[in-house]
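Single-letter residue listing:
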Amino acid sequence: MADLRDAEIIIIGGGIVGCSVAYQLARMGKKDVLLIEKNGLTQGSTWHAAGLVGQLRSSRNLTRVLQKSVEIYGRLEAETGQVVDWKQVGSLRLACSDERMLELKRASSMAKSFGLELQMLSPKQAQDLFPIMSTEDVLGAAFIPTDGYVDPSSVTQAFAKGARDNGAEIVQGVKVLDIIVENRRVKELITDHGTVKCDVVVNAAGFWSRDLALKAGVKSPAVALEHQYIITDPIPGVPDNMPGMRDPDHLIYYKPEVRGIAIGGWEPNTVSFGENGIPEPFAQELLPENFDRFEQLAINAGKRTPIVNEVGIRQMINGPIPWSADEGFILGWAPEVDNFFSATGISIGIAAAGGVGQMVAEWIIEGEPSIDLWPFDIRRFNDHHNEKSFLYPRTIESYGKTYYVHFPGEEHESARNIRQSPIYDVLKEHGASYGSKAGWERPNFFIPKGEKLDETLTFRRPNWFGRVAEEHKAVRERVALIDQSSFSKFRISGAGALKALQGLAVSDMDKEPGKIIYTQFLNPRGGIEADLTITRSGEDDFYLVTGSAFGVHDRCWIEGHIPGDGSVVIEDLTEVNGVINLCGPDARNVLGKVTDDDVSNGALPFATFKHIKIAGHPVRAQRIGYVGELGWELHMEKPHMLPVYQALAAAGKDFGIANVGYRAIDTLRMEKGYLYWSTDITPDYNPYEAGLSFRVNMKKGDFIGRDALERIRNEGVTRKLQFFTLDGEAAIYGSEPIMRDGKVLEVTTSANFGHTIGKPMVFGYLPVGECEHNDFQIEAFGEVFQATRHDGPLYDPKMERLKA
């Protein structure tokens with residue numbers, strides 16, 4: 001073992017992800033990189049992984065990350081001279097049910113939009129590629145020819161060699177005992193071989209990462225779960241180029257081995273490992289075999305590949321693998337410590353490591369990755385995600401559902417009721433069907449008393465379609481109440497508050513108190529990092545509202561760009577204030593019955609707020625909304641919520657007031673042309689592309705992203721966000737290819753049914769040259785639908801109803 005030394009960047013963990021990060025950092029010019037591993041390289045979960053590499057996922061950007069892995073694995077051996085045993089033989093995915101067949105057809109359409117080749121095959125064609133399979137109950141299959149499998153240990157060693165060749169240092173047999181943090185920065189790492197200092201720490205410790213992160217006061221919600229597979233004795237007649245295969249309806253996967261075949265799966269009753277701490281020492285070790293738990297998979301494998309009933313089992317492997325709180329990767333700068341970077345929680349580490357290593361290196365060196373990675377950003381998590389009472393039930397549930405058909409609208413069953421609104425029980429009595437977001441229980445829709453509704457999930461028109469249509473109609477034609485307490489809410493105050501917000505927001509924040517400003521925060525490239533409303537409550541006092549899942553992200557963005565001299569104070573009011581949205585053409589009539597304050601259009605116009613009383617309770621009435629109708633977001637301290645709700649409900653009875661859920665919000669906001677951050681607008685898109693130039697004030701002075709916007713404005717954009725309606729009853733959910741004359745142009749960002757316009761609708765970006773055309777096609781589940789492009793919002797484009 002070499003002597004430890006200080007380094008600019010220290011990576012903790014020598015699995016495939018840590019070695020990939022070291023390789024990419026060194027390859028991109030960072031020579032002062034030190035990787036420390038407490039045991040030996042690959043020891044943990046890498047060495048016993050099966051090694052399948054599949055690319056297609058429901059997320060476009062995750063697919064792009066996995067495509068980068070395939071590209072890297074294809075060149076790594078030639079570049080490093082280290083054998084990686086990459087077999088690009090393709091992969092099969094079988095469908096043995098009607099719903100699974102629809103899932104494959106949807107995957108085929110998405111692959112087309114992602115630029116990934118996918119072939120739909122008959123059962124016989126699948127069998128030709130995988131001769132040992134039975135076609136019993138197989139309806140069809142999907143084949144991706146550029147997928148494959150790789151030897152995990154070999155590719156990890158190749159990354160390590162490439163890292164060393166480019167100047168990085170790797171030290172094995174060194175354990176981090178503690179992490180010393182001062183002033184929000186890691187000062188030094190205390191190891192069993194001495195103390196080292198660094199500018200950046202990368203946590204790539206796999207299933208040890210949660211405990212390691214806690215040493216620095218960082219929450220990294222990933223745990224270890226047991227995962228099993230068997231390796232059979234040699235099977236005669238298996239072709240050398242046989243692809244990997246997944247049979248998700250039977251919960252199993254196959255990977256050809258040099259001698260035999262590996263068969264594993266995702267059973268619904270796995271168990272956790274190390275819940276009370278990973279036992280020491282634990283390195284290149286396996287866990288006790290559990291044949292009883294594997295039996296369900298073995299029976300299914302015997303059905304799909306009868307030959308395995310005739311050959312012996314050479315080995316059963318039961319090893320721990322990392323699993324995050326929501327099954328996604330955990331990447332990015334920690335909210336709690338400025339120089340602590342997470343690269344962990346990656347359950348598909350072999351498939352993802354190549355692309356993840358490149359994204360992490362870009363993020364550290366260039367300040368951001370070249371692909372928007374919000375679904376994997378550590379800032380998506382809240383405190384409850386790192387609690388064991390949440391982590392273990394949720395991860396075991398999601399593990400067991402890995403191969404389930406994942407329908408739109410799917411909700412988790414475990415670890416629920418973490419955060420509730422004060423009117424949760426009342427809305428439950430009114431028939432609320434709850435979903436979960438950022439730990440909050442939120443009504444998706446309401447089922448009237450006495451009405452039965454089968455909530456079975458499907459790819460086609462769901463059974464709640466009619467309920468959502470009624471709620472949509474109530475907002476458009478009468479009046480509605482929506483519990484939006486899950487909004488993330490912050491007070492930003494202090495002598496430096498205005499200056500700080502002026503430097504962050506694209507809009508002019510120097511408005512008179514009482515004004516509500518809808519605005520965006522940008523990154524230096526001009527990409528949209530946040531989409532929110534900010535109300536000026538006083539000269540040095542602002543009230544910020546953003547999405548339920550974006551609070552940690554947006555707060556971190558603000559904290560990272562304000563002075564640390566105390567001139568700006570950020571107070572999180574998310575758990576303090578509740579929100580009731582009163583909206584619809586009769587909203588003013590209802591509000592007028594419960595308040596003595598003047599809420600006329602003259603006294604309280606659109607995009608303003610005032611403090612009023614409702615039934616004697618203090619309320620912050622914000623004339624803003626997300627559904628495109630006259631309305632107010634009524635913010636109040638939580639003890640006031642129940643009586644305010646009851647007063648509004650009673651006053652609205654004569655107007656046919658209705659309770660409305662979040663599924664209707666989405667249909668309403670899309671008709672109005674309102675955008676959703678993380679799908680329609682992301683760090684990959686700028687305001688000029690997204691049709692938000694009206695929010696940009698280039699005359700107010702400097703702000704983050706201004707130089708980029710100046711350049712974009714002068715050069716012109718190459719794409720623009722467009723609104724479309726579809727002919728026919730298309731089942732659309734986003735990520736469908738947008739085509740004209742059969743050529744794929746782009747991909748949809750949002751999709752739903754417009755109950756006022758009576759048609760399916762989608763958003764999506766188009767090359768500027770295509771925006772002169774109106775006739776397009778959208779492909780969904782393999783079926784092509786005619787689509788019409790519209791020049792603006794589909795509903796109330798002049799905002800007459802909103803400003804009534």
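Structure's up top.
The notes below deal with the structure included here. Bear in mind that the values here come from a model prediction, so they are computed numbers and not experimental data. (Residues numbered from 1 in each chain as written. Predicted model: local features only at pLDDT ≥ 70, side-chain atom pairs only at ≥ 80, totals over all residues. Heavy atoms only, no water.)

Turning to the overall build of the chain, a few remarks are in order. For the chain, the count of helices and strands is 17 helices and 39 strands. The globule rule puts the C-alpha radius of gyration for 804 residues at 28 Å, and the 27 Å found for the chain is close to it. Seen along its three principal axes, the alpha-carbon backbone of the chain occupies a region of about 80 × 60 × 50 Å. The 804 residues of the chain split such that 61% are buried. Put simply, of all contacts in the chain between residues at least 6 apart along the chain, 73% involve residues at least 24 apart. Of the roughly 29700 Å² that the chain leaves accessible, carbon and sulfur atoms contribute 47%. Computing the positive centroid from 86 side-chain charges and the negative centroid from 109, the chain places the two 4 Å apart. (Helix = DSSP H or I, 4+ residues; strand = E, 2+ residues; numbered from the N terminus. Rg over C-alpha atoms; globule rule 2.2 N^0.38 Å. Buried < 20%, exposed > 50% of the residue type's maximum accessible area, 1.4 Å probe, protein only. Contact = heavy atoms within 4.5 Å. Areas by Shrake-Rupley, 256 points an atom, 1.4 Å probe, with all protein chains shown as cover. Lys, Arg positive; Asp, Glu negative; His and termini not counted. Charge placed at Lys NZ, Arg CZ, Asp CG, Glu CD.)

Of all seven residues in strand 22 (residues 440–446), seven are buried; the element is thus mostly enclosed. When strand 21 (residues 432–437) meets strand 22, the two strands line up antiparallel, connected through six bridges. Each residue of the ladder has a partner; that of Lys-437, found in strand 22, is Trp-440. Here strand 21 hands over to strand 22 after two residues, with Ala-438 in that stretch at a positive phi of 55 degrees. (Pairing = 2+ DSSP bridges.)

This paragraph deals with the pattern of salt bridges. Scanning all chains against the criterion turns up 53 salt bridges. Between Arg-525 and Glu-368 there is a salt bridge, and its shortest N-O distance comes to 2.6 Å. With Arg-525 in the loop between strand 25 (516–522) and strand 26 (528–538) and Glu-368 in the loop between helix 8 (349–366) and helix 9 (388–400), this residue pair connects regions lying 157 residues apart in the sequence. Under the relative-accessibility criterion, Arg-525 is labelled partly exposed at 38%. Look at Glu-368 and you get buried, because its relative accessible area is 15%. Across the pair Glu-689 and Arg-719 runs a salt bridge, and its minimum N-O distance is 3.0 Å. With Glu-689 in the loop between helix 16 (662–672) and helix 17 (706–715) and Arg-719 in strand 34 (residues 719–726), this pair connects stretches of sequence that are 30 residues apart. Relative accessible area serves as the criterion here: at 8%, Glu-689 is assigned to the buried category. (Salt bridge = Lys/Arg side-chain N within 4 Å of Asp/Glu carboxyl O.)

A few words now on the layout of surface pockets. Where empty space is left becomes clear once a probe the size of a water molecule has been rolled over the atoms. Counted as a void, the second largest pocket has a volume near 850 Å³. Trp-333, Arg-379, Cys-556, Trp-557 and His-561 are, among the 38 residues lining the second largest pocket, the residues nearest its centre. Contributing elements (two or more residues each) for the lining of the second largest pocket: strand 19 (330–333), helix 8, helix 13 (551–559) and strand 28 (569–572). When residues in the lining of the second largest pocket are grouped by element, the largest group, four residues, is from helix 13. (1 Å grid on protein atoms, 1.4 Å probe; cavity = no way out; pocket = protein on both sides within 12 Å on 5 of 7 lines; lining within 4 Å. Points joined across faces, edges and corners; volume = space filled by probe spheres on them.)

A word on the environment of Lys-610. Relative to the helices and strands, Lys-610 resides in strand 30 (residues 609–614). Spatially, the C-alpha atoms of Lys-610 and Thr-395 are 44 Å apart, while their sequence positions differ by 215 residues. Among the polar contacts made by the side chain of Lys-610, one reaches the main-chain carbonyl oxygen of Asp-598 at a distance of 3.0 Å. (Polar contact = N/O pair within 3.5 Å; in protein donor to acceptor, adjacent residues only side chain to side chain.)

With that out of the way, let us pick up the packing of aromatic side chains. Scanning the entire structure with this criterion turns up 31 aromatic pairs. Ring geometry for Tyr-23 versus Phe-159: centroids 5.3 Å apart, planes at 45 degrees, classification tilted. Of this pair, Tyr-23 sits in helix 1 (residues 16–27) while Phe-159 sits in helix 5 (residues 152–165), and the two are 136 residues apart along the sequence. Accessibility classification places Tyr-23 together with Phe-159 in one group, the buried group. Seen from their ring centres, Phe-130 and Tyr-254 are 5.5 Å apart, and the 65 degrees between their planes marks the pair as edge-to-face. With a gap of 124 residues between them, Phe-130 in the loop between helix 4 (123–129) and strand 6 (140–144) and Tyr-254 in strand 15 (residues 252–256) connect regions that are remote in the sequence. An identical accessibility class is assigned to Phe-130 and Tyr-254; each is buried. Aromatic ring contacts, followed pair by pair, group Tyr-253, Trp-266, Trp-323, Tyr-399 and Tyr-403 into a single cluster. The ring of Phe-753 carries the charged tip of Arg-461 above its face, separated from the ring centre by 5.4 Å. The ring of Tyr-543 is capped by Arg-620, whose NZ or CZ atom sits 4.3 Å from the centre of that ring. (Phe/Tyr/Trp six-rings, centres within 6.5 Å; stacked < 30°, edge-to-face > 60°. Lys NZ or Arg CZ within 6 Å of the ring centre and 35° of its normal.)

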